[in-house]
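The lines below spell out each chain.
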Amino acid sequence: MRHFTAIVFCALFLIACCEPNPAFFAEENFGLHTTILSDSTGRILSTDLYLDYPADSFLTEFEIGDIVTVAIVGYDTLEMPVVESTNDVPIAGFSLSAVSGSQYLVLAIHYGEPADVLKITDAKTPIEVIVTLKDKGGYLFGLDIMRHAQYMSAYVESYPDLSIEEFANFREVRTTGMGTNKLYRSSSPINLSLGRYLYVDSLAKEAGIATFINLTDTENGAKSYKGFESTYYSTQDAVFLSMPVEFFSTPFQEGLVKGFRYMIEHEAPYLVHCTYGMDRTGFTIAVLEALMGATVEEIQADYAKTFTNYFSVFDSKQVALNEDQVKFFKDVVLRNLRAVYHAEGIDVPNTGNTDWALATEKYLQKLGMTSEEISALKEKLK
């Protein structure tokens, strides 16, 4: 069974700080000082940020599984885990990779380009970077989940304790502010590879889905799936967005806006899906839930449900995720939203009374939606 370490959303912290806090530079807080590597013309080598410090030297002071604070002087300050591969963090997660024997450290995003996100692609070098320890071993639990818990199966027999709806990852979104029979989410109703498409298509028909928001496929790609022409899906309105799994990117943002505008122009019930109904769908649904006034707990519970529907299959049988593992996935969605919003200049404090609806409206406006369009979208979903 394939190990799906590359299909979950991010356990990251992203903190706005255009100029590092002077207190950070107190003598007792000094850590590793280095610079971002550039070529002879002063241009940064790639959209991943290569730090001019040998991994083996770094690993004498830090360990895989630590959480560190990375201050990119003059740009931003972030917290991220020390790992060996971007596959060790969820999609959209920042990480500092330290591979023994390498002459460099790599600051990367799992499916993302940190130079673009931090807006330093054309910056003048050298750019100073300071790395300090935030939490010793603070990511070891997450590392274990990313490497060992994320197995799934294409066979319904592997999930004896799940309903057909849960196996298909099909459900109505019922968070605060969302109208009844307005919004659904699922795995792909047309992609044969997961073994769930027939169940999803049948459930969509039963729910009376009128409009499909396909985040993954092109129109030609969708229609090329075997049996597409005989599906319920093929008889309804659908938009094909072909969005990359890169939440910070312009193509993803443009696809998000195009999908929301399609919803405004077409009738509910809507079904949003990608392939697994996990990463692109998880982020998109969280945005819509936040916009409509969902509580933090509701957003987290709905997001984590996907992972309890899929993961932890061993010896052809699912073993339920434990409470701590579920909490890991619950934490991912809010950190993803904060990170992506922050990249657009919208900072959301990590407090219990955060106005996620207002922050989400600002985010959609940053992406080009008008106030009138946002109101029309809310009207469709309420």
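For the structure, check the block above.
Residues numbered from 1 in each chain as written. Predicted model: local features only at pLDDT ≥ 70, side-chain atom pairs only at ≥ 80, totals over all residues. Heavy atoms only, no water.

Q: Would you take a moment to explain the packing of aromatic side chains for this structure?
A: Any aromatic ring pair is given by two values, namely how distant the centres are and how the planes are angled relative to each other. Applying the stated criterion to the full structure yields 21 aromatic pairs. Ring centres of Y276 and Y310 lie 6.4 Å apart, and the angle between their planes is 90 degrees; this geometry places the pair in the edge-to-face category. Here Y276, found in the loop between β13 (270-273) and α8 (280-291), pairs with Y310, found in helix α9 (residues 296-310); they are 34 residues apart in sequence, far enough to count as distant. Chaining the aromatic ring pairs together yields one cluster made of Y303, F307, F311, F328 and F329. Above the face of the F167 ring, R196 is positioned so that its terminal group lies 4.1 Å from the ring centre. (Phe/Tyr/Trp six-rings, centres within 6.5 Å; stacked < 30°, edge-to-face > 60°. Helix = DSSP H or I, 4+ residues; strand = E, 2+ residues; numbered from the N terminus. Lys NZ or Arg CZ within 6 Å of the ring centre and 35° of its normal.)

Q: Mind showing me how you'd approach the side chain of T354 here?
A: Relative to the helices and strands, T354 resides in the loop between α10 (323-343) and α11 (356-366). Contact partners of T354, with chain neighbours within four places excluded, come to R338, V348 and P349. (Contact = heavy atoms within 4.5 Å.)

Q: Please explain the packing of α10 against α11 as it appears in this structure.
A: Between two packed helices, what matters for the description is the angle formed by their axes and the separation of those axes. Packing of α10 against α11 brings their axes to within 11 Å, and their N-to-C directions diverge by 40 degrees. Taken as axis vectors, α10 and α11 run oblique relative to one another. The handedness of the crossing between α10 and α11 comes out as left-handed. Here L334, L337, R338, V340 and Y341 of α10 lie close against α11, whose contacting residues are W356, A359, T360 and Y363. Among the residues forming the contact of α10 with α11, the class breakdown is 7 nonpolar, 1 polar and 1 charged. (Axes fitted to C-alpha atoms, helices over the stretch in contact; angles between N-to-C directions. Parallel < 35°, antiparallel > 145°, perpendicular 65-115°, else oblique. Left-handed = near helix turned anticlockwise from the far one by under 90°. Nonpolar A, V, L, I, M, F, W, Y, C, P; charged D, E, K, R; others polar.)

Q: Would you mind going over the pattern of salt bridges with me for this structure?
A: Side-chain pairs of opposite charge can arise where the charged atoms are in close proximity. Tallied over the entire structure, the rule returns 16 salt bridges. The closest approach of N and O atoms between K134 and E79, which form a salt bridge, is 3.7 Å. Of this pair, K134 sits in strand β8 (residues 128-135) while E79 sits in strand β5 (residues 76-83), placing them 55 residues apart in sequence. What makes K134 partly exposed here is its relative accessible area of 49%. Residue E219 pairs with K223 through a salt bridge whose shortest N-O separation is 2.8 Å. One end of the pair is E219 and the other is K223, both in helix α6 (residues 219-223) and 4 residues apart, which spans about a single turn. Exposure remark for E219: the relative accessible area of 40% places this residue in the partly exposed category. Salt bridges sharing common partners tie together E63, D66 and K136. (Salt bridge = Lys/Arg side-chain N within 4 Å of Asp/Glu carboxyl O. Buried < 20%, exposed > 50% of the residue type's maximum accessible area, 1.4 Å probe, protein only.)

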